[in-house]
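# Overview (structure and organization)
What follows is each chain in one-letter form.
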Amino acid sequence: LKACVQPGDVLARIGADEFAVIEVGGSQPEAVSSLAQSITCALAAPMTVADHAVELTVSIGIALPDEEGPDAALRNADIALD
């Protein structure tokens, strides 16, 4: 995930298997879509952990900023997953 975000972006773990990315200055839909695609591709590559092949799946919910604040943005991103 760190390789997918730009300097200045915020990457945070918000749950056991949940992460949030705040793309600072990148509220353009094309930029957000490109970031989501980068994350999906990066996590789709098989990995080896302790001599075991591991494959991940990823679900991404996207919310663009609005006046409601960060809690609403996280809620809206979570809703977008469904």
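Look up: the structure comes first, before these words.
Residues numbered from 1 in each chain as written. Predicted model: local features only at pLDDT ≥ 70, side-chain atom pairs only at ≥ 80, totals over all residues. Heavy atoms only, no water.

### Observations concerning the layout of surface pockets
Put simply, the largest pocket is a space of about 1200 Å³. Along the wall of the largest pocket there are 36 residues; nearest its centre are Phe19, Ala20, Val21, Gly61 and Ala77. For the lining of the largest pocket, the secondary structure elements donating two or more residues are strand S1 (10-15), strand S2 (18-22), helix H1 (29-44) and helix H2 (70-81). It is H2 that contributes the most residues to the lining of the largest pocket, six residues altogether. (1 Å grid on protein atoms, 1.4 Å probe; cavity = no way out; pocket = protein on both sides within 12 Å on 5 of 7 lines; lining within 4 Å. Points joined across faces, edges and corners; volume = space filled by probe spheres on them. Helix = DSSP H or I, 4+ residues; strand = E, 2+ residues; numbered from the N terminus.)

### Focus: the pairing of S1
Taken residue by residue, a regular strand's side chains alternate between the two faces of the sheet. Pairing between S1 and S2: five bridges, direction antiparallel. The partner of glycine 15 across the bridge, within S2, is glutamate 18. A loop of two residues connects S1 with S2, the two strands running antiparallel in sequence. (Pairing = 2+ DSSP bridges.)

### Describing the environment of glutamate 23
Structurally, glutamate 23 can be placed in the loop between S2 and H1. Taking relative accessible area as the criterion, glutamate 23 reaches 22% and is therefore assigned partly exposed. Residues glutamate 23 and proline 7, 16 residues apart in the sequence, show an inter-C-alpha distance of 9.5 Å. (Buried < 20%, exposed > 50% of the residue type's maximum accessible area, 1.4 Å probe, protein only.)

### Points about the environment of aspartate 9
Here aspartate 9 shows up in the segment before S1. By relative accessible area, which is 15% here, aspartate 9 ends up buried. Remark: the alpha-carbon pair of aspartate 9 and valine 54, spanning 45 residues in sequence, is separated by 27 Å.

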